[in-house]
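Understanding the architecture of this molecule
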Amino acid sequence: MSDEFNIKNIAKLASINLSEEEQDSLSNDLSIILEHVNALSDLKLNSQQQEIFIHPLEKELELQDDEVVESLTHDEAISNAPESKDGKFVVPPSME
Amino acid sequence: MSLKPTIGIETHIELNTNTKMFCRCAVVDTDEPNISLCPTCIGLPGALPVPNKKAIEFITLLALSTGCEITSKGMFHRKNYFYPDLPKNYQISQFDLPVGLNGELEIVIDENKDYIQIERVHMEEDTGKSSHSGSGRIESATSTALDFNRSGVPLVEIVTKPVISSSKQAVAYIEELRQLSIDLNISEGRLEKGNLRFDANISVAPEGSTELGTKVEIKNMNSLRSLERAIDYEIQRQTKAFEEGVEIVQETRHWDENKEMTSTMRSKEGSADYRYFSDPDLPDMLLSEDFIAEVETLMPLLPKAQREELMTTGLSLSQSNILSKSDEWIKKLYVKVFDQTKDSVASYNWITGELQGQMRKANIEVLPEWFNDGYLPEIIELIKSDKISFTSAKIILTEILTTDTTPSKVAEENNLYQENDSEKISEMINQIIQENQDIVDRIKSGEDKLVGFLVGQLMKQSNGSVNPGMAKELLLKELED
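1. Regarding the overall build of chain B
- Looking only at helices and strands, one finds 15 helices and 16 strands in chain B.
- On C-alpha atoms alone, chain B measures out to a radius of gyration of 30 Å, which is more than a quarter above the 23 Å that the 2.2 N^0.38 rule sets for 481 residues.
- Projected onto the principal axes, the alpha-carbon positions of chain B cover approximately 95 × 55 × 50 Å.
- The buried share among the 481 residues of chain B stands at 36%.
- Long-range contacts, defined as pairs at least 24 residues apart, comprise 68% of the intrachain contacts of chain B with a sequence gap of at least 6.

So this is what it looks like as structure tokens:
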């Protein structure tokens, strides 16, 4: 088990089940990735360089006016639901 | 050891835009499920979010109105989680670069002002509504049903610093924030409809300690009353635990309105558990100086300034506060009535007391069309000049609220004008004295209380038209002679 992260907790947050074997191998992989990423903090950057965000889109944010555009009908929206009842999507029980 | 509670409040305000935050689906107020959806707000693959300009304006307006520093280069973040109420598996929110930082809100409790520091003001999209089926308790639900009409509706979240020290302060803060959102015209501010939702972070620590205790988050408070009671309950619970040496766990607790207690909901996620990262679908949000200047032009007279203005008419701080939190027509009516009477106390008392009281009793929600701005000043003047009694004034008000008439007409038609002619009153007094000689004798032998009986007789005989103060004075004089 890594000192820096808890693989079981990460699996829980990602909502996936991992076998003991998978936990071991993924822990190794993640440790290597973390080590690599940690190397970035050794870079000596000035404050301006630190302010650069890495964003895949080099464009300005576009805003839209607050005007309604019709889209899916109720039937279209719900047509792909695995299950529905009384006009609602039905999923396995889940609560906060 | 004396303990000191520390409270921070997170409030979500639903913005009253026509469309959702990242798509142009209509914001609807209906029980009919799933009728305002598109690929974006139900998280279909490939759908891309485009922010609502009006929502960004509203959030900036709220940030400016609370004196926040505006982040000129803001960012949208994904807050990752797996509840099905947002089918994308993340909520678009803002993390380290919110719209506004470090603001302040003035609150009023009785005749005192206080200031609540605001940590941040940021955008968040609302979730869909889930309901759980199956019998009995929520834990034994067999399925979850989802309505995504609310999914993606714009919210502004306002987070205070941990500076609130009592439930009373917390309630005053929410009342102020609610009024602010109404005056800014960014929300209807209706708690019962969920327009405003709040969670409280509460901890206790020894008085004088510089460190805060372990904080517990309280959810599910749907009214100001439940906010007040939940905070009081939680402070008591934590104080007891602290005194008994029981560890206070960092967790989210649920306020149960019926049982009047909080209970464990889940162990609290740390912010790292949400694995925030910048949303690659949304470029940085640059708020230009021009944009901010444009938003500033929308700024109305804020509740704080309204109070200051009202106080210049002679009202106290608490009276000004009550008026500033009243409906717009009441505020306007006060100004008009005061302008005509120059009597702040009478104007305030008649509007917030008798007028609103009678309207509530008669289920009248808006003043009738014929109700002239001059009517209340006329009534106030009639009382001041001793032409009518207070009781008659109330009768007049009832009439003009339900019938298209005027105060003077009602007074005339119902003989409500007071008799102020001392000769006429003396004549009536003499008659009463003659008819009640036995009572007069008893008064003269020391039974002072019976004077009231004679005044009563006089009022009865005159159909209440005699000025009671004058009548008593004249009666006493007559009895002495």
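Text resumes after the structure shown.
2. Overview of the sheet that holds strand E1 (residues 84-85) of chain A
- Taken in spatial order, the four strands of this open sheet run E1(A)-E2(A)-E9(B)-E8(B), and their pairing is antiparallel. Strand pairing shows two members of the sheet lacking a second neighbour, E1 of chain A together with strand E8 (129-133) of chain B, which therefore form its edges.
- The pairing of E8 of chain B with strand E9 (residues 143-147) of chain B spans five bridges and is classified as antiparallel. Looking at E9 of chain B, one finds that His-132 of chain B is bridged to Thr-144 of chain B.

3. A look at the nonpolar core
Residues and elements named next belong to chain B.
- Of all hydrophobic cores here, the largest spans 68 residues; its most connected members are Ile-59, Leu-62, Val-121, Val-156, Ala-170 and Tyr-173.
- Residue contributions to this core peak at eight residues, all from helix H1 (residues 53-65).
- Residues in contact with Leu-62, not counting those within four places in the same chain, are Val-121, Val-156, Leu-184 and Ile-186.
- Counting residues in hydrophobic clusters, the runner-up holds 24 residues, among them Leu-333, Ile-379, Ala-393 and Ile-400.

4. Observations regarding the packing of helix H14 (residues 450-461) of chain B against helix H15 (residues 468-480) of chain B
All names here are of chain B.
- Between H14 and H15, the least distance of the axes is 10 Å, while the angle of their chain directions is 125°. Judged on the interaxial angle alone, H15 and H14 are oblique. Between H14 and H15 lies a crossing whose hand is right-handed. Contacts between H14 and H15 involve Val-451, Leu-454, Val-455, Leu-458 and Met-459 from the first element and Pro-468, Ala-471, Lys-472, Leu-475 and Leu-476 from the second.
- Across the contact of H14 with H15, the residue classes tally to nine nonpolar, no polar and one charged.

5. Side note on the sheet that holds strand E15 (residues 277-278) of chain B
Residues and elements named next belong to chain B.
- A sheet is described by the order of its strands in space; here three strands give the open sequence E5-E4-E15, paired in antiparallel fashion. Each having just a single partner strand, strand E5 (90-93) and E15 make up the two edges of the open sheet.
- Pairing of strand E4 (residues 77-80) with E15 involves two bridges; the strand directions are antiparallel. Looking at E15, one finds that His-77 is bridged to Ser-278.

6. Some details on the interface of chain A and chain B
- Taken together, the contact pairs 33 residues of chain A with 41 residues of chain B.
- If you list the elements that add at least two residues to the side of chain A that touches chain B, you get helix H4 (74-78) and strand E2 (88-91) of chain A.
- Looking at the side of chain A that touches chain B, its residues break down into 17 nonpolar, seven polar and nine charged.
- Judged from the three bridges that link them, E2 of chain A and E9 of chain B form a sheet pairing that is antiparallel. Its bridge partner being in E9 of chain B, Val-91 of chain A is matched across the sheet by Thr-144 of chain B.

7. With respect to the domain arrangement of chain B
- Domain parsing of chain B yields domain 1 (3-294), domain 2 (326-413) and domain 3 (422-480).
- Centre-to-centre separation of domain 1 of chain B and domain 3 of chain B, based on C-alpha positions: 67 Å.

8. Some points on the pairing of strand E10 (residues 154-160) of chain B
Residue and element names in this part refer to chain B.
- Among the seven residues in E10, five count as buried, and that is most of the element.
- Two elements, strand E1 (residues 3-14) and E10, share five bridges in a ladder whose sense is antiparallel. Bridge assignment links Ile-13 to a residue of E10, and that residue is Val-156.
- As defined by bridge partners, strand E7 (residues 112-125) adjoins E10 across seven bridges and the pair is classed as antiparallel. By the bridge assignment, Val-121 is partnered in E10 with Ile-158.

Analysis parameters
Residues numbered from 1 in each chain as written. Chains lettered and ligands numbered in written order. Predicted model: local features only at pLDDT ≥ 70, side-chain atom pairs only at ≥ 80, totals over all residues. Helix = DSSP H or I, 4+ residues; strand = E, 2+ residues; numbered from the N terminus. Rg over C-alpha atoms; globule rule 2.2 N^0.38 Å. Buried ≥ 20, exposed ≤ 12 C-beta atoms within 10 Å, placed from the backbone. Contact = placed C-beta atoms within 7 Å. Pairing = 2+ DSSP bridges. Core = buried A, V, L, I, M, F, W, Y, C linked by C-beta atoms within 7 Å. Axes fitted to C-alpha atoms, helices over the stretch in contact; angles between N-to-C directions. Parallel < 35°, antiparallel > 145°, perpendicular 65-115°, else oblique. Left-handed = near helix turned anticlockwise from the far one by under 90°. Nonpolar A, V, L, I, M, F, W, Y, C, P; charged D, E, K, R; others polar. Domains from an automatic or database assignment.

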